[in-house]
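Survey of secondary and tertiary structure
If you want the building blocks of each chain, they are given just below.
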Amino acid sequence: MTDNAQTTHFGTRTVPLGEKQGLVNDVFHKVASRYDLMNDLMSGGIHRVWKDLMVARLAPPRSGSRDYRVLDMAGGTGDVAMRILNASHGYARVTVSDINADMLAVGAERAKSWRYPANVDFVEANAEELPFENNSFDAYTIAFGIRNVPRIDKALSEAHRVLKRGGRILVLEFSKVDVPVLDKIYDLFSDHLIPPMGKMVTGDAQPYQYLVESIRNFPDPTTFSTMIETAGFKRVTHTALSGNIAALHGGWKL
């Protein structure tokens, strides 16, 4: 069956699978320059704490006999990569990969002022078809990007392929709020405040309406953990964050 014969979700719309990536790209072209600002507004800055937790869980080494190589997928603006480099005191080498050139351009410009600018490179690539050799990386990280991939199972399989044996995957993603009352407040905030804030900051509410809807369409933590296991990862875990507004998923290639 061809991609155009298969369908998937784009927000609340059902679209041909082959069209979703282009639609997602258009969303991020529109918001690239103010993406991190909107993350601050949408989360009250808590996304920074979640990313710090992900890097702490990764615990990149600060020394060793060989490079510690990390692929940060969908990491265009570079905020996760910068955290990894700082946590490793410049020992890690991070490849930031994103399908969106505008997001990568933002990250590459920011990297010029980092403490360890020589230890990062930026590569435009599709998470479903990575241009890297088998067994290339010690870790694969992706923060708030996996839900935008049309074929999540294929992206997870690619992550498994490019990791070395003993390597790990860490996925930070929005989840399903499971705290009574908080879930209602969160839904009201998402529906009635995030799109207007997006329009105020970027001039366009539509990308942020998509982001809200994409969160709702993402699998629950148990289902997503099963998808990670199906891709070949072992010792799969997930940790609920802030009432399960987000979740940190992990697994190992053993």
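So, how was this worked out
Residues numbered from 1 in each chain as written. Predicted model: local features only at pLDDT ≥ 70, side-chain atom pairs only at ≥ 80, totals over all residues. Heavy atoms only, no water. Core = buried A, V, L, I, M, F, W, Y, C linked by side-chain atoms within 4.5 Å. Buried < 20%, exposed > 50% of the residue type's maximum accessible area, 1.4 Å probe, protein only. Helix = DSSP H or I, 4+ residues; strand = E, 2+ residues; numbered from the N terminus. Contact = heavy atoms within 4.5 Å. Pairing = 2+ DSSP bridges. Right-handed = clockwise from strand over helix to strand, strands pointing away. Salt bridge = Lys/Arg side-chain N within 4 Å of Asp/Glu carboxyl O.

Let's talk about the nonpolar core
Ranked by internal contacts, the top residues of the largest apolar core, which has 34 residues, are Trp50, Ile84, Val94, Phe144 and Leu172. Counting only elements with at least two residues in this core, the list comes to helix H3 (46-58), strand E3 (68-73), helix H4 (79-87), strand E4 (92-98), helix H5 (101-111), strand E6 (137-143), strand E7 (163-174) and strand E9 (246-252). Among all residues touching Val94, those that are not within four sequence positions of it are Val70, Asp72, Ala81, Ile84, Leu85, Asn119, Val120 and Asp121. One finds Ile146, Ala155, Ile169 and Ile228 within the second-largest nonpolar core, a separate group that totals 24 residues.

Comments concerning the side chain of Glu158
With respect to the helices and strands, the residue Glu158 is situated in helix H6 (residues 152-162). Not counting residues within four places of it along the chain, the set of residues in contact with Glu158 comprises Ala127, Glu128, Glu129 and Leu130.

Things to note about the pairing of E3
Across the six residues that make up E3, a large majority, five, are buried. In the sheet, E3 pairs with E4 via six bridges, with the strands oriented parallel. When the sheet's bridge partners are listed, Arg69 is paired in E4 with Arg93. Handedness of the E3-H4-E4 crossover: right-handed. The pairing of E3 with E6 spans four bridges and is classified as parallel. If you follow Leu71 over to E6, its bridge partner there is Tyr140.

Looking at the pattern of salt bridges
The final tally for this structure, using the stated rule, is 11 salt bridges. Where Arg216 meets Asp187, a salt bridge forms, and the shortest distance between an N and an O atom there is 3.6 Å. Here the residue Arg216 occupies a position in helix H9 (residues 206-217), and Asp187 occupies one in helix H7 (residues 182-192), the gap between them amounting to 29 residues. Given the relative accessible area of 37%, Arg216 is considered partly exposed. Taking the shortest distance from any N to any O, the salt bridge between Asp191 and Arg216 comes out at 2.7 Å. One end of the pair, Asp191, is in helix H7; the other, Arg216, is in helix H9, with 25 residues separating them in the sequence. Using a relative accessible area of 32% as the deciding quantity, one classes Asp191 as partly exposed. One network of salt bridges, in which partners are shared, links Arg66, Asp138 and Lys164.

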